[in-house]
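Single-letter residue listing:
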Amino acid sequence: MPNALSHVPADRVAAGLARVRERIAAAAARAGRDPARITLVGVTKTVDVPTAAALLAAGCADLGENRPEDLAAKAAAPELRGA
């Protein structure tokens with residue numbers, strides 16, 4: 001059975017990414033670390049190509065996908081070139 005991928009509107013993706021970055025910055029400050037040295041990897045295993053593209057557009061340059069069939073489709077998508 002194929003995986004059903006969900007769609008998340010771009011504004012929600014950007015807002016969620018901003019919240020995660022805030023949490024990373026706070027945790028880094030508590031640990032005495034530079035948040036710029038922490039790599040945030042956006043996991044795309046349950047979302048469609050437009051949602052993954054919204055994540056890229058919001059500034060998340062590193063994406064992860066663990067389903068081979070979804071990776072192949074996303075890797076071929078013009079919207080995700082360079083991810």
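The structure we're discussing is the one just above.
Residues numbered from 1 in each chain as written. Predicted model: local features only at pLDDT ≥ 70, side-chain atom pairs only at ≥ 80, totals over all residues. Heavy atoms only, no water.

Visitor: Honestly, the environment of A29 in this entry has me stumped. Any pointers?
Guide: Its location among the elements puts A29 in helix α1 (residues 10-31). When the C-alpha atoms of A29 and V8 are compared, they prove to be 30 Å apart, with 21 residues separating the residues in sequence. (Helix = DSSP H or I, 4+ residues; strand = E, 2+ residues; numbered from the N terminus.)

Visitor: Please explain the side chain of T44 as it appears in this structure.
Guide: Position of T44 relative to the elements: it lies in the loop between β1 (41-43) and α2 (49-57). For T44, a relative accessible area of 3% translates into the label buried. In this structure, T44 is in contact with A52, L63, G64, E65 and K74, ignoring residues within four places of it in sequence. (Buried < 20%, exposed > 50% of the residue type's maximum accessible area, 1.4 Å probe, protein only. Contact = heavy atoms within 4.5 Å.)

Visitor: What is the right way to read the pattern of salt bridges from this model?
Guide: Note on pairing: side chains with opposite charge can pair once their charged atoms come close. Applying the stated rule across the entire model yields one salt bridge. For K74, the salt bridge identified is with E65, shortest N-O distance 2.7 Å. Here K74 matches E65 in class, with each residue buried. (Salt bridge = Lys/Arg side-chain N within 4 Å of Asp/Glu carboxyl O.)

Visitor: Looking at this structure, how should I read the nonpolar core?
Guide: Inside soluble globular proteins, nonpolar side chains tend to come together where they are buried. Within the largest apolar cluster, six residues are counted, these being V13, L17, L40, A54, L55 and C60. At the level of elements, α1 and α2 are the ones that each hand at least two residues to this core. In this structure, V13 is in contact with V8, T51, A54 and L55, ignoring residues within four places of it in sequence. Judged by nonpolar contacts, the second largest core, of five residues, contains V49, A52, A53 and L80. (Core = buried A, V, L, I, M, F, W, Y, C linked by side-chain atoms within 4.5 Å.)

Visitor: Help me out: how do you make sense of α1 in this one?
Guide: Every α-helix winds through 3.6 residues per turn, so residues three or four apart in the chain are directed the same way. Its 22 residues place the ends of α1 31 Å apart at the C-alpha level, agreeing with the 32 Å of an ideal helix rising 1.5 Å per residue. Taken residue by residue, α1 has V13, G16, L17 and A28 as its buried positions. End-on view of α1: buried residues confined to an arc of 110°, all on one side of the axis. Among the exposed residues of α1, those pointing more than 90 degrees away from its buried face are D11, R12, R19, E22, R23, A29 and R30. As for α1, its buried residues are in contact with α2. (Expected span 1.5 Å × (residues − 1). Arc of directions from axis to C-beta.)

Visitor: Is there a simple way to explain the packing of α1 against α2 in this structure?
Guide: Contact geometry of α1 with α2 gives a least axis separation of 9 Å together with a crossing angle of 45°. As summarised for this structure, α1 and α2 are arranged oblique, according to the angle between their axes. Crossing of α1 against α2: the hand is right-handed. Counting all contacts with α1, which are made through A10, V13 and L17, the residues of α2 involved are T51, A54 and L55. For the contact of α1 with α2, the residue count by class is five nonpolar, one polar and no charged. (Axes fitted to C-alpha atoms, helices over the stretch in contact; angles between N-to-C directions. Parallel < 35°, antiparallel > 145°, perpendicular 65-115°, else oblique. Left-handed = near helix turned anticlockwise from the far one by under 90°. Nonpolar A, V, L, I, M, F, W, Y, C, P; charged D, E, K, R; others polar.)

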